[in-house]
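Chains, contacts and geometry: an overview
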Amino acid sequence: MTVVNRTDLMSNGLAEDMSNGLAAGITNSPNGYAGVEGDERWAAEIRRLAEMRNATILAHNYQLPAIQDIADHVGDSLALSRVAAEASEDTIVFCGVHFMAETAKILSPHKTVLIPDQRAGCSLAESITAEDLRAWKDEYPDAVVVSYVNTTAAVKALTDICCTSSNAVDVVASIDPEREVLFCPDQFLGAHVRRMTGRDNLHVWAGECHVHAGINGDELADQARRHPDAELFVHPECGCATSALYLAGEGAFPKDRVKILSTGGMLDAARDTRARQVLVATEVGMLYQLRNAAPGVDFQAVNDRASCKYMKMITPAALLRCLIDGADEVHVDAQTAERARRSVQRMIAIGRPGGGE
């Protein structure tokens, strides 16, 4: 991802904002930008700057509460990228990690796409490179490549069809059963797809999200035993997804209370649940959205340490700096973007892409 770190403030009338009290408090360290509280004064300034830039602010479900509250739209990365493509504003500020901003740029090539801190990476997206995928394809030259949307633009460009966690099973099921399939990069989502489709010609890359992989089966089983009346919402990227299905299969937990869901699916299930308590196995930022969606339900994290440090790099200070400086701008070269766009569009044509990652 190429990043333009600064714009000419004198030409767009924002220079005065560089000297205001809020901007003066911004600090920068390897852990991100800090020094600004996400209070009402900050929120008013963010709204003013966004209007001056003709920008819409998008926030992923795992973002800090202050960032979610100020955003024009909150959701999963693919749904937000589709919002970006349809937005009337010229500038998209994507509060998420870098592959998400790239996807927005792929689907909105003529818009300016900004990410508040370009250092906000993703361990899952970084678990496979374009070079890795090219070598893997050489081993299986006739295989169909299915890549999770949580990948870089360069990997999407080498992909036949993208998928989300909500439609991965449908995407793989749409492929000729005689064709071999290379599924990347998440090994836990791949295992879920293999289990659901029964395909023995599905080859799975051994990548993982370090946050979801850290939510283990022992923790889930312990929580399930201590909360026998709760429902379980489990993201398929989690290392505990297999354990959840095992608990249900062995009768240790009722099958109808174990739900393997994308983030979008969790929100839908939260609005429909009749349970008083739900145990949630995903990044803890999701709890804020779930509690807002169903305030009468007690949502508890299976692992309350499951916080993505990269998502949390999008701080109030980072967003303020982004709107003042017009940084960091995301660029995807035209050839890569065109090829990546085709793989995403093939996924959308199959259907049900909106439940997200």
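Further up the page is the structure itself.
Residues numbered from 1 in each chain as written. Predicted model: local features only at pLDDT ≥ 70, side-chain atom pairs only at ≥ 80, totals over all residues. Heavy atoms only, no water.

**Describing the overall build of the chain**
- What the chain contains, in helices and strands, is 17 helices and 16 strands.
- Scaling as 2.2 N^0.38, a compact globule of 357 residues should have a C-alpha radius of gyration of about 21 Å, and the chain matches this with 21 Å.
- Counting only C-alpha atoms and orienting by the principal axes, one finds that the chain spans roughly 65 × 50 × 35 Å.
- Relative to all contacts within the chain whose residues are 6 or more apart in sequence, the contacts with residues 24 or more apart total 67%. (Helix = DSSP H or I, 4+ residues; strand = E, 2+ residues; numbered from the N terminus. Rg over C-alpha atoms; globule rule 2.2 N^0.38 Å. Contact = heavy atoms within 4.5 Å.)

**Notes on the sheet that holds strand β15 (residues 298-301)**
- Strand order in the open sheet formed by four strands is β13-β12-β14-β15, with parallel pairing between adjacent strands. Each edge of the sheet is formed by a strand with only one pairing partner; in this case those strands are β13 (258-260) and β15. Recorded for the sheet is a direction-independent mean angle of 20° between the axes of neighbouring strands.
- The sheet contacts of helix α15 (residues 286-293) involve β14 (277-281) and β15, and relative to β15 the element is tilted by about 170°. (Pairing = 2+ DSSP bridges. Axes fitted to C-alpha atoms, helices over the stretch in contact; angles between N-to-C directions.)

**Focus: the pattern of salt bridges**
- Taken as a whole and assessed by the stated rule, the structure comprises nine salt bridges.
- Between arginine 226 and aspartate 222 there is a salt bridge, with the nearest N and O atoms lying 3.2 Å from each other. Taken together, the residues arginine 226 and aspartate 222, both in helix α12 (residues 217-226) and four residues apart, mark about one turn of the helix.
- Exposure remark for arginine 226: the relative accessible area of 52% places this residue in the exposed category.
- One salt bridge in this structure joins lysine 312 and glutamate 283, with 2.7 Å as the shortest N-O distance. A residue pair is termed long-range when its members are at least 10 positions apart, and lysine 312 in the loop between β15 and α16 (316-325) and glutamate 283 in the loop between β14 and α15 qualify at 29 residues. (Salt bridge = Lys/Arg side-chain N within 4 Å of Asp/Glu carboxyl O. Buried < 20%, exposed > 50% of the residue type's maximum accessible area, 1.4 Å probe, protein only.)

**A word on empty space enclosed by the protein**
- The tally for this structure, following the rule as stated, stands at one cavity of 30 Å³ or more.
- Approximately 180 Å³ is the volume attributed to the largest cavity.
- Residue lining of the largest cavity: 20 residues in total, with Tyr62, Cys122, Asn150, Cys209 and Met311 positioned closest to the centre.
- Secondary-structure elements contributing two or more residues to the lining of the largest cavity are α6 (98-107) and α11 (210-213).
- The greatest single-element share of the lining of the largest cavity, amounting to three residues, is contributed by α11.
- Along the lines of polarity and charge, the residues of the lining of the largest cavity split into eleven nonpolar, six polar and three charged. (1 Å grid on protein atoms, 1.4 Å probe; cavity = no way out; pocket = protein on both sides within 12 Å on 5 of 7 lines; lining within 4 Å. Points joined across faces, edges and corners; volume = space filled by probe spheres on them. Nonpolar A, V, L, I, M, F, W, Y, C, P; charged D, E, K, R; others polar.)

**Details of the packing of aromatic side chains**
- One pass over the structure, following the stated rule, counts two aromatic pairs.
- We note arginine 119 situated over the ring of tyrosine 33; from NZ or CZ to the ring centre the distance is 4.9 Å. (Phe/Tyr/Trp six-rings, centres within 6.5 Å; stacked < 30°, edge-to-face > 60°. Lys NZ or Arg CZ within 6 Å of the ring centre and 35° of its normal.)

**Points about unusual backbone geometry**
- In this model, cysteine 184 is joined to proline 185 through a cis peptide bond whose omega is -5°.
- Structurally, proline 185 can be placed in the loop between β10 (181-184) and α10 (187-197).
- Looking along the chain, the bond that leaves alanine 327 and enters aspartate 328 is cis, with omega of 5°.
- By the element assignment, aspartate 328 lies in the loop between α16 and β16 (329-331).

**Regarding the nonpolar core**
- Core analysis: the largest hydrophobic core is formed by 102 residues, its most contacted members being Val93, Val146, Phe183, Phe299 and Leu319.
- The dominant element in this core, judged by the number of residues it contributes, is α16, at seven residues.
- Not counting chain neighbours up to four residues away, the residues in contact with valine 93 comprise Ala55, Thr56, Ile57, Leu58, Leu114, Pro116, Leu319, Cys322 and Leu323.
- Ile128, Ala130, Leu133 and Cys184 belong to the second-largest nonpolar core, a separate cluster that totals ten residues. (Core = buried A, V, L, I, M, F, W, Y, C linked by side-chain atoms within 4.5 Å.)

**Some thoughts on the sheet that holds β10**
- Strand order across the open sheet formed by four strands is β9-β8-β10-β11, with parallel pairing between neighbours. Among the strands making up the open sheet, the edge pair consists of β9 (161-163) and β11 (202-204). For this sheet the average axis-to-axis angle between neighbouring strands, irrespective of direction, equals 25°.
- Sheet strands in contact with helix α7 (residues 130-139) are β8 (144-148), β10 and β11, and its direction is about 160° off that of β10.

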